[in-house]
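So the chains spell out like this:
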Amino acid sequence: MRIAECGVRNKNRKSEFRNPKFDMKLGNLQLNRPLILAPMAGISDYPFRRMALEKGCGLAFTGMVSAEGLLRKGESFLKIERDEHPVSVQLFGSAPEVLAEAAAMVEKIGADAIDINMGCPATQVIETGGGVDLMRFPEKVKKILVRVRKEVKNALTIKIRSGWDREHMNAVEISKMAGDCGVDAIFVHPRTQVQGFRGQADWNLIREVKRAVNIPVVGNGDVTNPSLAKRMLEETGCDGVMIGRGALGNPWIFCPEHDDFSEERSVDFPPLEERQRAIEDHFLLLQSYYGAKGAVQKIRRHIAWYSRGLPFSASFRLKLSGLKEKEALLGAITSYFDFVEGRDSCQSLTSMESRSVIGRGGGGF
């Protein structure tokens, strides 16, 4: 398939995939599938969310949104499209009144759920008193949740970590408090602030939180394929699984065909033609949202994820980095997939690799 022939399908529909064996409600929000797209800074934009929802994601999160920034800049700071539901907006901040006012605005804009970030370990967020820093002050957490709950009717959730460090792991305490404050669900990433994203996520903590509360608990951390999602559900008893890095270049991880979680593959990529089609669809979404120039800039890192594991993908990415125009980039994508699929018989593997690295002339992919 060529880019010019490609269209983004089902443009104005909501995600309609349903698993009859799955039933989870976040307050007034009914979810039809157990796999949820995590908020990822600089990645979880509208085109990325749409790609996940198109493949069957049960709920898509925006990236973190500053509560203060939203109030300062107004609704232009956050846009929710009509074809990306269900969607949850994740707010970060530290002032109860500010978070409550921002949550009310988010609900008005159209979010199906509002999440308060209490798990981000980034220094720039912690310095504002937000993110995982909030977990060090349970009474402040309580004030925030009580205040926000009064302002919003839609689903209210929190995303937390294990705690600040191994000596201050209070996820269970915070979760119990959240349930008492009217929070509808808890998302748990079982690493501490000190760990960041290093080491192995301690799924045992997810199980402890689930046993301690009477509201849905969604696990997060180290899930990169359906078999690992199955393991997390079975080992922790959690109600759903949030997937972040496992969805990079792999929206198929959300496909309903994986609902039996029987696949043992480490990566669940489809045939080359469908992978190329996904890149094309993603590019069109980026173009409609950011314009052609913005799409060219933003698609590159997504292509790096979509093409991982393919022959000469490193050389392909190197060539893309030097392309500034839409037509040149689209042509390189088509040529590369033609080459990988064996359609181009005019050049050997050696010459293709050499020309793509050198990047001269019109040859190569």
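Residues numbered from 1 in each chain as written. Predicted model: local features only at pLDDT ≥ 70, side-chain atom pairs only at ≥ 80, totals over all residues. Heavy atoms only, no water.

1. With respect to the overall build of the protein chain
Then comes step 1: In terms of regular secondary structure, the protein chain is built from 12 helices and 10 strands.
Then comes step 2: Classification of the 365 residues of the protein chain by burial places 58% in the buried group.
Then comes step 3: When contacts within the protein chain are restricted to residue pairs at least 6 apart in sequence, those whose partners lie at least 24 apart make up 70%.
Then comes step 4: Looking at the protein chain as shown, the accessible area adds up to about 15900 Å², and 48% of this sits on carbon and sulfur atoms. (Helix = DSSP H or I, 4+ residues; strand = E, 2+ residues; numbered from the N terminus. Buried < 20%, exposed > 50% of the residue type's maximum accessible area, 1.4 Å probe, protein only. Contact = heavy atoms within 4.5 Å. Areas by Shrake-Rupley, 256 points an atom, 1.4 Å probe, with all protein chains shown as cover.)

2. Comments concerning the sheet that holds strand E8 (residues 185-192)
Then comes step 1: Pairing in this closed barrel of eight strands is parallel, and the strands run E3-E4-E5-E6-E7-E8-E9-E10 around the ring. When strand polarity is set aside, the average angle formed by the axes of neighbouring strands in this sheet is 30 degrees.
Then comes step 2: Where strand E9 (residues 217-220) and strand E10 (residues 240-243) come together, three bridges link them in parallel fashion. From the neighbouring strand, Val218 faces E10, where its bridge partner is Gly240.
Then comes step 3: The sheet contacts of helix H1 (residues 46-55) involve strand E3 (35-37), strand E4 (59-66) and strand E5 (87-92), and relative to E4 the element is tilted by about 165 degrees.
Then comes step 4: The strands touched by helix H3 (residues 96-109) are E5 and strand E6 (113-118); relative to E5, the strand with the most contacts, the crossing angle is about 160 degrees. (Pairing = 2+ DSSP bridges. Axes fitted to C-alpha atoms, helices over the stretch in contact; angles between N-to-C directions.)

3. Remarks on the pattern of salt bridges
A side chain with one charge may pair with a side chain of the opposite charge, provided their charged atoms come close.
Then comes step 1: Using the criterion set out here, one finds 12 salt bridges in the structure.
Then comes step 2: For the salt bridge of Glu84 with Arg49, the shortest nitrogen-to-oxygen distance reads 2.6 Å. Highlighted residues: Glu84 in the loop between helix H2 (67-73) and E5 and Arg49 in helix H1, separated in sequence by 35 residues.
Then comes step 3: The class for Glu84 is buried, based on a relative accessible area of 0%.
Then comes step 4: In this structure, Lys79 and Glu81 form a salt bridge, with 3.5 Å as the shortest nitrogen-oxygen distance.
Then comes step 5: Connected via shared salt-bridge partners are Arg50, Glu54 and Asp83. (Salt bridge = Lys/Arg side-chain N within 4 Å of Asp/Glu carboxyl O.)

4. A look at the packing of helix H10 (residues 313-321) against helix H11 (residues 326-340)
Then comes step 1: Between H10 and H11, whose axes approach to 10 Å, the crossing angle comes to 165 degrees. With respect to H11, the axis of H10 lies roughly antiparallel. Regarding H10 and H11, the two cross each other, and that crossing is right-handed. Of the residues in H11, those touching H10 at Ser313, Phe316 and Leu320 are Leu329, Ala332, Ile333 and Tyr336.
Then comes step 2: In terms of residue class, the contact of H10 with H11 is made up of six nonpolar, one polar and no charged. (Parallel < 35°, antiparallel > 145°, perpendicular 65-115°, else oblique. Left-handed = near helix turned anticlockwise from the far one by under 90°. Nonpolar A, V, L, I, M, F, W, Y, C, P; charged D, E, K, R; others polar.)

5. Comments concerning the nonpolar core
Then comes step 1: Ranked by internal contacts, the top residues of the largest apolar core, which has 69 residues, are Leu91, Ile116 and Ile158.
Then comes step 2: It is H3 that provides the largest number of residues to this core, a total of seven residues.
Then comes step 3: Val296, Phe316, Tyr336 and Phe339 belong to the second largest nonpolar core, which has 26 residues in total. (Core = buried A, V, L, I, M, F, W, Y, C linked by side-chain atoms within 4.5 Å.)

6. Quick word on the pairing of strand E7 (residues 155-163)
Then comes step 1: Of all nine residues in E7, nine are buried, a share of seventy percent or more.
Then comes step 2: Across six bridges, the pairing between E6 and E7 is parallel. Residue pairing for E7: Ala113 is matched across the bridge by Ala155.

7. Observations concerning the environment of Arg207
Then comes step 1: Structurally, the position occupied by Arg207 is in helix H7 (residues 203-212).
Then comes step 2: On the basis of relative accessibility, which here comes to 23%, the residue Arg207 falls in the partly exposed class.
Then comes step 3: Within the structure, the side chain of Arg207 is placed 2.7 Å from the side chain of Asn204, a separation counted as a polar contact. (Polar contact = N/O pair within 3.5 Å; in protein donor to acceptor, adjacent residues only side chain to side chain.)

8. So, unusual backbone geometry
Then comes step 1: Residue His85 is joined to Pro86 through a cis peptide bond whose omega torsion reads 0 degrees.
Then comes step 2: Examined against the element boundaries, Pro86 turns out to sit in the loop between H2 and E5.
Then comes step 3: Positive phi is not limited to glycine here, since Asp222 has a value of about 70 degrees.
Then comes step 4: Here Asp222 shows up in the loop between E9 and helix H8 (226-236).
Then comes step 5: If you check the backbone angles, Phe312 has positive phi at about 55 degrees while not being a glycine.
Then comes step 6: With respect to the helices, strands and loops of the structure, Phe312 is situated in the loop between helix H9 (272-306) and H10.

9. Describing the packing of H7 against H8
Then comes step 1: Viewed as axis vectors pointing N to C, H7 and H8 meet at an angle of 45 degrees, and their least axial separation amounts to 9 Å. Here H7 is positioned oblique relative to H8, judged by the angle of their axes. Regarding H7 and H8, the two cross each other, and that crossing is right-handed. Contact residues: H7 offers Trp203, Ile206, Arg207 and Lys210, while H8 offers Leu228, Arg231, Met232, Glu235 and Thr236.

10. Considering the packing of aromatic side chains
Then comes step 1: Evaluation of the coordinates by the stated rule reveals seven aromatic pairs.
Then comes step 2: Ring geometry for Phe61 against Phe187: centres 5.2 Å apart, planes inclined by 75 degrees, an arrangement best described as edge-to-face. With Phe61 in strand E4 and Phe187 in strand E8, this residue pair connects regions lying 126 residues apart in the sequence.
Then comes step 3: With centroids separated by 4.0 Å and ring planes inclined at 5 degrees, the aromatic side chains of Phe316 and Tyr336 adopt a geometry described as stacked. Taken together, the residues span a long stretch of sequence, with Phe316 in helix H10 and Tyr336 in helix H11 at a distance of 20 residues.
Then comes step 4: Members of the aromatic cluster, each reached through a chain of ring pairs, are Tyr46, Tyr289 and Tyr290. (Phe/Tyr/Trp six-rings, centres within 6.5 Å; stacked < 30°, edge-to-face > 60°.)

Honestly, it's all geometry; don't read function into it.
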